[in-house]
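Descriptive structure summary
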Amino acid sequence: MHTDTERCVRAVRSKDARFDGWFFTAVLTTGIYCRPSCPVVPPKPENMVFHPSAAACQQAGFRACKRCRPDTSPGSPEWNQRADAVARAMRLIADGTVDREGVPGLAARLGYSTRQVERQLLAELGAGPLALARAQRAQTARLLIETTTLPMTEIAFAAGFSSVRTFNDTVREVFALAPSDLRARAPKRTPGPAGTTGTPAALSLRLPFRAPLTPDNLFGHLAATAVPGVEEWRDGAYRRTLRLPHGHGFVALAPRPDHIACRLTLTDPRDLTVAISRCRRLLDLDADPVAVDDRLRTDPVLAPLVDKAPGRRVPRTVDEAEFAVRAVLGQQVSTAAARTHAARLATAYGEPVDDPDPEGGLTHLFPSPGALADLDPETLALPRARRATLTTLVRALVDGGLRLGVESDWPEVRAKLLALPGFGPWTADVIAMRALGDPDAFLPTDLGIRRAARELGLPSTPAALTARAAAWRPWRAYAVQYLWATDSHPINVLPA
């Protein structure tokens, strides 16, 4: 979008927050860059230059605006709605791959050479993988500086910098302030309950999103399907354990009118960036609800559903392999039965953890594929065919024949899933929709979808419904949420 100068200028003049993250405005006369909704008086059009990423602005020598804080705007929805190499690279960078594995590791995951990856990112984003990862480190550093009392040395390494000097130089260059000055300008923190702020292990954050957002089925789905010991709904928040690269963590997420309240407890602060990225993916916070709803409103049957509760999101996952296992456990059984099977698996094979909340009920990390490799199928209270499906899935995940992650190629993974015994279209598509993030995944064989279709006067056979749903592309996964929401199932109700 940044190449459409006229459209960008209109967005800046109207201070349209819907475009935050889509592009950034660099002001030639001041040397700063802003988000489109920056509250200051818009500069003259001839003094504006538009860039597709914060990293491109920084690489061009611009500093982040201190008013609108463009580095904290929602991520571009493009990276979650596309499946090409650039979008997959951006999802991997957000997940911390460059910091952990370097550019060669990023390229290896994508199946390209480092030169190809750098060339594609430069062509589309105006910055290479190192610059994009550097911009993300700067944002993480700012977050830690402003919300914790950690020493600057610890913040430098927690944010992913290789040295304190690089940390200091980057913060000064990006924000035009020294780290100590950034901390001095931050709002004064008030002491909270033990374990909530001011310690290396706990952070309270605000996760931004593009309005509108209807939280009912989003949080309702997560709460209704929560695996006891791994997830819970407590005190108005969805809580769960997290398996992270450097340790484990706990997160509590609660809907607010203009943000998601996020409380993270980490065993290693280096996992902050990854944890935030996974929480944003879980709640689909980088979606563009206006684009989605505008397309779905073109169908006269869906239009009233969209108008009633605009901005529905797709409830996703923080761990793709975990969701695939749970999808198999949930085949042809009730939500309650699926939770019971998953809880037994977590208790028997998951890693025990201590909940930082004395009143909380989180006891385990969901078992990794490696932990399930020695699973005895005879111990599972499942039909024999379902046991075979589960053990086959686990073997494929462990030996690398099936890789599920933010870098996954959606059509390729779907084909591999359908080739496994016991995997039909419903299982493959629900994994594509909720684990891999495919915004166009569709579930025409789902009983809830077929029931909703009949009640709304839509075709109820899978083939006919799929044909009708072609008009909803590329947002059929969101149409699924609106159709599911017509039912009175607990997944559609925000818990008290």
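Preceding this paragraph is the structure being described.
Here goes a summary of the coordinates provided. (Residues numbered from 1 in each chain as written. Predicted model: local features only at pLDDT ≥ 70, side-chain atom pairs only at ≥ 80, totals over all residues. Heavy atoms only, no water.)

The next point concerns the side chain of His 51. Mapped onto the secondary structure, His 51 falls in strand β3 (residues 48–51). Other than its neighbours up to four places away in sequence, His 51 contacts His 2, Phe 23, Phe 24, Ala 26, Ala 56, Cys 57, Ala 60 and Phe 62. (Helix = DSSP H or I, 4+ residues; strand = E, 2+ residues; numbered from the N terminus. Contact = heavy atoms within 4.5 Å.)

Attention now goes to unusual backbone geometry. Residues Ala 211 and Pro 212 are joined by a peptide bond in cis, for which omega reads 0°. Residue position: Pro 212 is located in the loop between β5 (202–207) and α11 (216–224). Following Arg 473, the chain continues to Pro 474 via a peptide bond in cis, the omega torsion being 5°. For Pro 474, the position within the fold is in the loop between α21 (462–469) and α22 (476–484). Non-glycine residue Ala 176 carries a positive phi angle of around 60°.

Relative to the elements of secondary structure, Asp 288 occurs in the loop between α12 (272–282) and α13 (289–296). When the C-alpha atoms of Asp 288 and Phe 19 are compared, they prove to be 9.1 Å apart, with 269 residues separating the residues in sequence. If near-sequence neighbours (up to four positions away) are discounted, Asp 288 is found in contact with Trp 22, Pro 77 and Arg 210.

Bringing the environment of Arg 387 into the picture now. You can see Arg 387 is positioned in helix α17 (residues 384–398). According to the relative accessible area criterion, Arg 387 is buried, its value standing at 15%. With 99 residues separating them in the primary sequence, Arg 387 and Thr 486 have C-alpha atoms 33 Å apart. With residues up to four places along the chain from it excluded, the contact list for Arg 387 reads Pro 377, Glu 378, Leu 380 and Leu 382. Side-chain polar atoms of Arg 387 contact the side chain of Glu 378, separated by 3.0 Å. (Buried < 20%, exposed > 50% of the residue type's maximum accessible area, 1.4 Å probe, protein only. Polar contact = N/O pair within 3.5 Å; in protein donor to acceptor, adjacent residues only side chain to side chain.)

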